[in-house]
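The chain contents come next:
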Amino acid sequence: MKKNITVLKGDGIGPEIVNEAIKVLDKVSEKFGHEFVYTDVLIGGCSIDANGVPITDEGIEKCKSSDSVLLGAVGGPKWDSVDPSIRPEKALLRVRKELGLFANLRPTRLFPQLADASPLKASIVENGIDLLIVRELTGGIYFGKRSTAEVDGELVATDEMLYSYHEIERIGRVAFETAMKRNKRIASVDKANVLDSSRLWRKVMHKLSEEYPEVAYTDVLVDNTAMQLIKNPGQFDVIVTENMFGDILSDEASMLTGSIGMMPSASLSDGTLGMYEPIHGSAPDIAGMDVANPLGTILSAAMMLRYSFDMPKEADAIENAVNEVLNAGYRTGDIMKEGMKKVGCKEMGDAVAAVI
Ligand code: NAD
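Residues numbered from 1 in each chain as written. Predicted model: local features only at pLDDT ≥ 70, side-chain atom pairs only at ≥ 80, totals over all residues. Heavy atoms only, no water.

Along strand β4 (residues 103–110), seven of the eight residues are buried, which leaves the element largely enclosed by surrounding structure. By the bridge criterion, eight bridges tie β4 to strand β5 (residues 129–136) in an arrangement that is antiparallel. When the bridges of β5 are listed, Ala103 appears paired with Glu136. Of the strand pairs in this sheet, β4 and strand β11 (residues 264–268) are connected by three bridges, and their pairing is antiparallel. Across the sheet, Leu105 pairs through a bridge with Ala266, a residue of β11. (Buried < 20%, exposed > 50% of the residue type's maximum accessible area, 1.4 Å probe, protein only. Helix = DSSP H or I, 4+ residues; strand = E, 2+ residues; numbered from the N terminus. Pairing = 2+ DSSP bridges.)

This part covers the side chain of Arg331. Its place among the elements puts Arg331 in strand β13 (residues 330–331). Among buried Asp, Glu, Lys and Arg side chains, Arg331 stands out as unpaired, with Asp116 the closest opposite charge at 7.9 Å. The contact partners of Arg331, leaving out residues within four places of it in the chain, are Gln113, Leu114, Leu326, Met336, Met340, Lys341, Lys342, Val343 and Met348. (Lys, Arg positive; Asp, Glu negative; His and termini not counted. Salt bridge = Lys/Arg side-chain N within 4 Å of Asp/Glu carboxyl O. Contact = heavy atoms within 4.5 Å.)

With that settled, consider the sheet that holds strand β10 (residues 238–241). One open sheet accounts for ten strands, arranged β2-β1-β3-β12-β11-β4-β5-β10-β8-β9; its pairing is mixed. Of all the strands in the sheet, just β2 (35–40) and β9 (216–221) have a single pairing partner and so form its edges. Averaged over all pairs of adjacent strands, the angle between strand axes in this sheet comes to 25 degrees, irrespective of strand direction. When strand β1 (residues 2–10) meets β2, the two strands line up parallel, connected through six bridges. Paired with Val7 across the two strands is Asp40, which belongs to β2. Contacting β4, β5, β8 (185–190), β9 and β10, helix α6 (residues 165–181) crosses the sheet at an angle of about 160 degrees to β5. (Axes fitted to C-alpha atoms, helices over the stretch in contact; angles between N-to-C directions.)

Here it is, written out as structure tokens:
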């Protein structure tokens, strides 16, 4: 199969980690007989330097016309003081909006080999953690009307949290379909004891759950979820939630695995087009040193194969190779412990590619 991939390497460690993911994708194409064609597009600070904007209109068109987008990370101190309208992160919001990426999938998986890296006690994580947060990405309070005005002599600020039936239904469907491919359990997270938007959320989710009788469904309040993620993260399979709750819970969950460098993510549209990226930033403190952990990006490439290209065997090959490389003791600095083999970014990519 031939697939066109737009590659947004970005800033800081972005180019280093994306190069390793491409190395691994090339091995997959060789082994399984596919052709992956890559087109580089500047994004973030490097695009501001070259073009005066964090992504050009042509860059957006390239993303839209490709089969999928692979992103490194954007930003860095050099661009912290640019005009807010052209900040590097603006490009990410624009790509998400223009590509209609409404579903953010963040797997949180603690590889048992890295259990020591988790801040939780061994007794809590010994059975592993393997959960997936499905976060609504283009609605809710981050996209509602906001205002600040003086009322009765003091400043009052308002942020509107709006969800329509169809926005909830489409993210719910992604979650149920994903749960069907996993362990068939969903926790839908809301604050239905207080918020109207959550009561509508719950109503739509209950209706959807009737269509998926094989999926075990539960409602969990967001405050309880925050607690349960620490107390017993192994109880979760798929968590589906709205934009702001998902933003907060996914960062909480990411810490359970010990290193941000291990965590992949996918942002999906109605069709097969998606954007795949590690959850971390551009790590300017270690950029150019060949020490960044490329596994979050490599695992993001595996998600691209699974979700955009419908290549589950190929995705498994990457995930199994990462597992094997960890078993063999390869560790970048962020996950290093005594007795293991310390490697750099390139060597880690080489090791994963070699296993494939
Ligand atoms: P960061 O995620 O870049 O770094 C936080 C810490 O984690 C740093 O110590 C860094 O060295 C380490 N780290 C991150 N990724 C790593 C990896 N793969 N391997 C080893 N260590 C890793 O967050 P930050 O320092 O707050 O932000 C740096 C820049 O990135 C900022 O300009 C920020 O705006 C931007 N940012 C971009 C994205 C994105 O592109 N999606 C996301 C978050 C932050």
